[in-house]
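Understanding the architecture of this molecule
If you want the building blocks of each chain, they are given just below.
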Amino acid sequence: MSILQNAIQAMECGIEDYGMGTDSRLKSAIRNVHAGVLLLFKQKLSQLSPQDSDEALLKQKVMPEIAGSTIVWRGKGEKTVDVQSIRERFASLDVSVDWQAFDAINRIRNEIEHYYTTANNKAIQEAIAKSFAIASEFLTTQLQVDPKSQFSQHTWDVFIDVKDVYQKEKANCVQSQTNIDTESDYVRENADAMSCDACGSDLIFVDGHGGAQCRSCSKRWDRDNLIVSIVNEASWYENHMSVKDGGDPITTDCPECCKSAFIVEEMICAVCGETQQDQCNRCGTAIPIEELDGSGFCGYCSHMMSKDD
Ligand SMILES: [Zn+2]
Ligand SMILES: [Zn+2]
Ligand SMILES: [Zn+2]
């Protein structure tokens, strides 16, 4: 069986599991659908591998070999690429995938492995809807096959239903983001980055008081916690990369309310609205992020002035 056929079969099995609806079959549904999407990616790497390279792009290990007067790269061993390598190879080969959606599926899959309860049904639908969206797009644009021709009519119908339900819920949640009670544009613009840390779903509904509830598992956030969660989820990766390269984080703890919701670019706390000036009143240079303390002076000047006193 080809990799493509395996991929389709895994997704068909996933939808059959989903239809059974028991806890164990629902877990299996996510595993199967997720595996199917990964196999589609592998099909592409197999297609792109040069002839006589032993499917180099598909193998985790690739070794150079001398062939006559040139060097060829050949795949070695049985181990096929992991997700991280697929990502890197696709990036360098210009194969586009909605990785954000893929990460969401992964997140839900992990949460469900560990903490599944039937209350999370919407998170399962979300994972299936996102897998379907990625698979349809990938089949069409990267593998040049019509997705509808690949799946059975039943599976196709279930996919469409689940996608419609999810999209309707999602539209309501996006609409509700206008209720977020903050003065930070960064938080408003990145509200969609947030997902539930209890079940992985991104169906977060913001109520009229600025608090929120997960539409999948019912977890609640009050106004402050919602804002802090959005800031954390939106900025952790950039913070991590920036600090790794010796730069400044883009968000930090607020000197006023101590919540980790101070947006450096805006010089405002998304929770309490406290603003800070970014230039030192004494020497006029930019105050380093870690020295922002509400005084309006850089650490050096604060130190010098305390000595003067
Ligand atoms: Zn949840
Ligand atoms: Zn604050
Ligand atoms: Zn200064």
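Below is a summary of the structure that appears in this document. Source: prediction; values computed, not measured.

With that settled, the discussion passes to the coordination of the zinc ion (ligand 1). Every protein donor of the zinc ion (ligand 1) is listed here as Cys196 (SG), Cys199 (SG), Cys214 (SG) and Cys217 (SG), and their distances to the metal cover 2.3 to 2.4 Å. Because the angles between the four donor atoms bound to the zinc ion (ligand 1) fall within 101 to 114°, the donor set is best described as tetrahedral. In the primary structure, the donors to the zinc ion (ligand 1) are separated according to the pattern C-x2-C-x14-C-x2-C. Judged by its relative accessible area of 1%, Cys196 is buried. The class of Cys199 is buried, set by a relative accessible area of 1%.

A positive phi angle, near 50°, is found at Asp54, a position not held by glycine. You can see Asp54 is positioned in the loop between helix 2 (23–48) and strand 1 (59–67). A residue is classified by how much of its surface remains accessible, and Asp54, at 44% relative accessible area, is partly exposed. Phi at Met267 is positive, roughly 55°, even though this residue is not glycine.

Distances from the zinc ion (ligand 2) to its protein donors, namely Cys254 (SG), Cys257 (SG), Cys269 (SG) and Cys272 (SG), fall within the range 2.3 Å. Each of the four donor atoms bound to the zinc ion (ligand 2) contributes to angles spanning 106 to 116°, and the resulting shape is tetrahedral. All donors to the zinc ion (ligand 2) come from one chain, and their sequence spacing reads C-x2-C-x11-C-x2-C. Here Cys257 is found in the loop between strand 6 (251–252) and strand 7 (262–263), whereas its partner Cys269 is found in strand 8 (residues 268–269), with twelve residues between them in sequence. Judged by its relative accessible area of 1%, Cys269 falls in the buried class.

Cut-offs applied
Residues numbered from 1 in each chain as written. Chains lettered and ligands numbered in written order. Predicted model: local features only at pLDDT ≥ 70, side-chain atom pairs only at ≥ 80, totals over all residues. Heavy atoms only, no water. Donors = N, O, S within 2.8 Å, 3.2 Å for Na, K, Ca; no water. Tetrahedral: all angles 85-135°; square planar, octahedral: opposite > 155°, others 65-115°. Buried < 20%, exposed > 50% of the residue type's maximum accessible area, 1.4 Å probe, protein only. Helix = DSSP H or I, 4+ residues; strand = E, 2+ residues; numbered from the N terminus.

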